[in-house]
Amino acid sequence: MDVHLQSALASRMFINVSILSIALNGSFFGYLLYSNRLYEVGKCCSSYVWLILPLTELLKHYYIKRSFHLDGSVKPGHIGSTSTSTGRATLNAKAGRLRWKEWFGFGVLFFLAMLFYGFICLVLGAPLEQSEETVSLALTLTTITIFPIMLLIGQSQTYQLLLSETLELKNPLANSYLNLLKNNCIGVILGAWGASVVAPLDWDRPWQVYPIPNIVGSIGGLFGMNVFNLLSTAYISMYRNQRPKKF
C-alpha cells in the first residue's frame, strides 16, 4: 500500500477510535452521575457498574477491527509448509483445543495483570482491609489497559509484549493501533496515580473515598489521552493537506 494512503488511513482510524472512545467514556460518566452510581464504582462484588467498561472495550475493538480490517497476528520468522491433506486435517483437529487453550490463557493473563495492579496499589498505600475496593481498582486498570491489547493480538503475543518491546505485527495499520493502545495505557496509569492527590485533603467529600478518585482518574486519563490523540491527529492531517504538493 502507498505510504501516503497508509498514513491517511491510520489518521482516519485514530480519529474514529478517539471520537468513539470519548463518546463512550463520556456516556459512562454521564450514566454514573445521572443514576447516582458514582459511589458504586469501588464495589465490584455488589454492583454491575464495572461490567460497562469491558463492554465498551469490546465495542471499540469490534468496530475498529471490522471497519479497518486489522490483523493482529505477528510477523512470522519462518512459516513451515503444511500442504498435505494430513497436515491440514491435523491442524483442523487441533483448532478447537487451541481455541480453548487461548481463552484459558486469556483468563490467566487477565488475572495475573489484576494481581500485579493490586500489588502496586498495596505498595503505594492502599488499605489492606479494603480488599474489594483494591480489586475494583485493579479490575478497572486491567480492563482499560491490558484487555484491549489482548483483544487485538491475543494472550501469547501480549506476554511477549509485556516482557519485551520487540513485537511487530504483519499489518502496519494494526501496528499503529497497537501503539495507540500503549499510549492509552500511559494516560490511564498517570490519571489513576495523579487522582490520588485528592485523597489526603480534609474536604470530607464522599467522592474522596478510596478508590473512587483513582478509578475516575484512570478513566479520565483514558479520556484525556483520546482527546490528545484526536487533536494531534487532526492537526497533523490538516498540516499535511495544507502543504504544497511537489510534482
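In what follows, the accompanying structure is described. (Residues numbered from 1 in each chain as written. Predicted model: local features only at pLDDT ≥ 70, side-chain atom pairs only at ≥ 80, totals over all residues. Heavy atoms only, no water.)

1. Focus on the overall build of the protein
Now for step 1: Counting its regular elements, the protein contains six helices and zero strands.
Now for step 2: Listing every helix and strand of the protein by position from the N terminus yields α-α-α-α-α-α.
Now for step 3: In the protein, buried positions account for 40% of the 247 residues.
Now for step 4: In the protein, 77% of the contacts between residues at least 6 apart in sequence involve partners at least 24 apart.
Now for step 5: Counting every atom, the protein has about 14900 Å² of accessible surface; 66% of that belongs to carbon and sulfur. (Helix = DSSP H or I, 4+ residues; strand = E, 2+ residues; numbered from the N terminus. Buried < 20%, exposed > 50% of the residue type's maximum accessible area, 1.4 Å probe, protein only. Contact = heavy atoms within 4.5 Å. Areas by Shrake-Rupley, 256 points an atom, 1.4 Å probe, with all protein chains shown as cover.)

2. Overview of unusual backbone geometry
Now for step 1: The linkage connecting tyrosine 210 with the following residue, proline 211, adopts the cis geometry, with an omega of 5°.
Now for step 2: The residue proline 211 is located in the loop between α5 (172-194) and α6 (212-242) in this model.
Now for step 3: Phi at asparagine 36 is positive, roughly 60°, even though this residue is not glycine.
Now for step 4: Of note in the backbone geometry, histidine 69 takes a positive phi value of approximately 55° without being a glycine.
Now for step 5: The class of histidine 69 is exposed, set by a relative accessible area of 63%.

3. Topic: the side chain of glutamine 208
Now for step 1: Secondary-structure assignment places glutamine 208 in the loop between α5 and α6.
Now for step 2: With residues up to four places along the chain from it excluded, the contact list for glutamine 208 reads Val198, Ala199, Leu201, Trp203 and Pro213.

4. Digging into the packing of α5 against α6
Now for step 1: At a minimum axis separation of 7 Å, α5 and α6 run at an interaxial angle of 140°. On the basis of the axis angle, α5 is oblique to α6. Every pair of crossing elements has a handedness; the one defined by α5 and α6 is right-handed. Of the residues in α6, those touching α5 at Leu180, Asn183, Asn184, Gly187, Val188, Gly191 and Ala192 are Asn214, Gly217, Ser218, Gly221, Leu222, Met225, Asn226 and Asn229.
Now for step 2: For the contact of α5 with α6, a count of residues per class yields five nonpolar, ten polar and no charged. (Axes fitted to C-alpha atoms, helices over the stretch in contact; angles between N-to-C directions. Parallel < 35°, antiparallel > 145°, perpendicular 65-115°, else oblique. Left-handed = near helix turned anticlockwise from the far one by under 90°. Nonpolar A, V, L, I, M, F, W, Y, C, P; charged D, E, K, R; others polar.)

5. Points about the environment of proline 213
Now for step 1: In this structure, proline 213 sits in helix α6.
Now for step 2: Take proline 213: its relative accessible area is 8%, and that puts it in the buried class.
Now for step 3: Along the backbone, proline 213 and valine 197 are 16 residues apart, and their C-alpha atoms lie at a distance of 8.8 Å.
Now for step 4: Discounting chain neighbours no more than four positions away, the residues touching proline 213 are Ala195, Val198, Trp207 and Gln208.

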